[in-house]
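Remarks on the overall topology
Residue strings, one per chain:
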Amino acid sequence: MTLSLFPQKILETQCHVIRDTPSEKKGFFGRRNNRVILAVVAALFIAVAARAATPPPNIVYILADDLGIGDVSCYNPQSAWQTPHLDRLARGGLRFTDAHSASSLCTPARYALLTGRYAWRGRLKQGVLQGYHPPLIEAHRPTVASFLREHGYTTAVFGKWHLGLDWTRTGTQLENVDFAQPFANGPLAYGFDRFFGISASLDMPPYVWLANDRATAVPTATIADSPVPKLWRGGPIGPDFKMEDVQPRLIEKSLAFFAERAAARDAKPFFLYLPLAAPHTPILPSREFEGKTHTTSYGDFVTQVDADVGRLLAALEKHGFAKNTLIIFTSDNGFAPAADVPAHAKFNHDPSAGYRGYKSDLFEGGHRVPFIAHWPAIIKAGTTTPALVEQLDLFATCAEILNTEIAATAAEDSISFLALLRGGGATPSGPGDSPVVSPARTALVSHSAEGRFAIREGRWKLLLWPGSGGWSSPTPAPSQWLQTPRTDLATLPPFQLYDLSADPAETTNVASAHPEIVQRLGRLLRADIERGRSTPGTPQPATVGTDWPQAAWITQFP
Ligand SMILES: [Ca+2]
């Protein structure tokens, strides 16, 4: 396998230099200069050849759970705590300021990240899976992991799977599980060589460690629902399982994996997908982090995640992996209201950094997430980009890194951001920035807890719903966490249009002033749904039917 990070275009540019150089002219293009040019061209060829021989990068994808964009200090100068390791990662890499998860909830965001396809195209039209549910990813659908493994990578996932698996059942109820038997169609069926982690969120039973295709122990006890406020659901728990061990053990597994890869000497690149269960509820920082920020337990937990990123970075450096490892750090959705918004307001801390709403919502606070890419061999240190990027763009980015095509039936919504990593569209941070937005991704679709839709194109964002689509006001039910009343959505305009360049906090609905923009975006989203893909290529089967109330708006965009 060869890697071509440096495509044909570079070689063509150099050929162009040769063709355009008159060989016998005096002056600048005279013989002497010809020799200089040829020497330069030769040197460039050598450089290109050397770089083309660069082995494929290792890829470490760290996915925090429910971490708000305002919880990372390089994204929020007013943050009540500091995240020095994440800030260092950003200083050494590229920080995206307009990056999004494909959904405002865990399961659909993860489906999209791994498959390069919006989850609403499949059977999950709203909400999330629980710990006993069968697999969500369709059998035989390629994932980033299966794609990379096909191309020579060693692949591992340590963490919160939350995409379902087929337990061995003892009865007709989902919970009728024989924990002594292996399960099928977990991470190993989707391209991972190994798995260690938990089946779903850390507030969902069963509370057992899973190693590859089985539980490490049969549950011998049952824990009750946590006291109000309810931060975990009751259910069976294994004798070797402690909730507070989850974050440290996932990091230990990762460190051991790096050491093992360093010792293997098989020259195989690796892909580590590290979907953390933190700082999602239950908020359980290790003892050394308790009280560290003098703010909330959640703040302490975030600084633990930050310190763990520092440990991962240090290990990659120690093993000599750092230079040619693409590290991405991001979060699967915005800050969870369950982590207590009023408690943070007391410390003047806004986990959504001024954006509206939280996890679950169509508003930016639901899905605009921290997204830092670090790859010293390719990325210019200390850069930022305002370019639009979606987490589901990972698949196409990996394909471009490996100079490989993706089948028409895979990663239907994924667009490579490799050009941004190489510096196109990125600018040095600081005064004098003149950001160039990459033309690659011009639009993206957002999806909420209730399964409502929004579409973004450039500065414009259209919500195909009168409310938040999640737990923030306006909602048809009162919010338990945000202590806001119910709203009669029939009293509100059916659609919301925001100009994010002028109104990033989504305060003023300008839909009635711009009916032509509402129509254009509505039609664009309809086409994205009906074509079964949002990228160029062969249309794929779409799932539009009469039994999809969240897509009822389609008829208004003929
Ligand atoms: Ca989450």
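Before going into details, it helps to say that this report is about the structure given with it. (Residues numbered from 1 in each chain as written. Predicted model: local features only at pLDDT ≥ 70, side-chain atom pairs only at ≥ 80, totals over all residues.)

Quick notes on the overall build of the protein chain
Note the cut-off: Think of it this way: any DSSP run of H or I at least four residues long counts as a helix, any run of E at least two long counts as a strand, and we number them from the N terminus. Remark: C-beta atoms are placed from the backbone, and a residue is labelled buried if 20 or more other C-beta atoms sit within 10 Å of its own, exposed if 12 or fewer do, or partly exposed between those counts. C-beta atoms are first placed from the backbone for all residues, and any pair lying within 7 Å is then listed as a contact.
In terms of regular secondary structure, the protein chain is built from twelve helices and 17 strands. Expressed as a percentage of the 558 residues in the protein chain, the buried residues total 48%. Once local pairs closer than 6 in sequence are excluded, the contacts in the protein chain between residues at least 24 apart make up 68%.

Concerning the pairing of strand β11 (residues 371-374)
Inclusion rule: For two strands to be treated as a pair, DSSP must find at least two bridges joining them.
Burial along β11 is two-sided: the residues Phe371 and Ala373 and Ile372 and His374 are all buried. Where strand β2 (residues 94-100) meets β11, three bridges bridge the pair, whose relative direction is antiparallel. What sits directly across from arginine 95, in β11, is isoleucine 372. Where strand β10 (residues 325-331) meets β11, four bridges bridge the pair, whose relative direction is antiparallel. Note on β11: the bridge partner recorded for isoleucine 328 is alanine 373.

Things to note about the nonpolar core
This is how it is decided: Connectivity within a nonpolar core runs through C-beta atoms within 7 Å, and the core itself is a set of buried Ala, Val, Leu, Ile, Met, Phe, Trp, Tyr and Cys residues. What marks off one domain from the next here is an automatic or database domain assignment.
With 144 residues, the main nonpolar core has Tyr61, Ile62, Leu274, Leu276, Phe395, Cys398 and Leu462 as its most contacted residues. With eight residues, the single largest contributor to this core is helix α7 (residues 297-318). Looking at this core, you find at least three residues from each of domain 2 (58-443) and domain 3 (444-556). Among residues more than four places away in sequence, those in contact with leucine 276 are Ile62, Leu63, Ala64, Asp65, Gly159, Lys160, Gln247, Leu250 and Val305.

Looking at unusual backbone geometry
With the exception of glycine, most residues fall at negative phi, and the peptide bonds are largely trans. Here the amide bond leading from proline 205 into proline 206 is cis, since omega sits at 5°, within 30 degrees of zero. In this model, threonine 281 is joined to proline 282 through a cis peptide bond whose omega is -5°. Mapped onto the secondary structure, proline 282 falls in the loop between β9 (270-275) and α7. Here the phi dihedral of aspartate 66 falls at roughly 65°; this positive angle occurs in a residue that is not glycine. Position of aspartate 66 among the secondary structure elements: in the loop between β1 (58-64) and α3 (84-91).

Concerning helix α4 (residues 106-115)
For α4, the buried fraction is high: ten of the ten residues fall into the buried class. Restricting attention to buried positions, one finds in α4 the residues Cys106, Thr107, Pro108, Ala109, Arg110, Tyr111, Ala112, Leu113, Leu114 and Thr115. Within two residues after α4, glycine 116 carries a phi angle of roughly 75°, on the positive side.

Let's talk about the sheet that holds strand β16 (residues 460-463)
Sheet strands associate in pairs through backbone hydrogen bonding, adopting either a parallel or an antiparallel arrangement. The following threshold applies: For helices, the fitted axis covers only the stretch in contact; all axes are lines through C-alpha atoms, and the angles between them, taken along N-to-C directions, range from 0 to 180 degrees.
Pairing is antiparallel in the open sheet, where four strands are placed in the order β14-β15-β16-β17. Unpaired on one side and paired on the other, β14 (443-447) and β17 (496-499) mark the two borders of the sheet. Looking at each pair of strands side by side, their axes are set apart by 15° on average, direction ignored. Pairing of β16 with β17 involves four bridges; the strand directions are antiparallel. Following the sheet pairing, tryptophan 460 is matched in β17 by aspartate 499. Packed on one face of the sheet, helix α12 (residues 515-530) meets β14, β15 (453-457), β16 and β17 and runs near 110° to β15.

Digging into the environment of arginine 261
Position of arginine 261 relative to the elements: it lies in helix α6 (residues 246-264). The class for arginine 261 is partly exposed, based on 19 C-beta atoms found within 10 Å. Along the sequence, arginine 261 and phenylalanine 321 sit 60 residues apart, while their C-alpha atoms lie 9.7 Å from each other. Residue contacts for arginine 261: discarding those within four places in its chain leaves Thr154 and Phe270.

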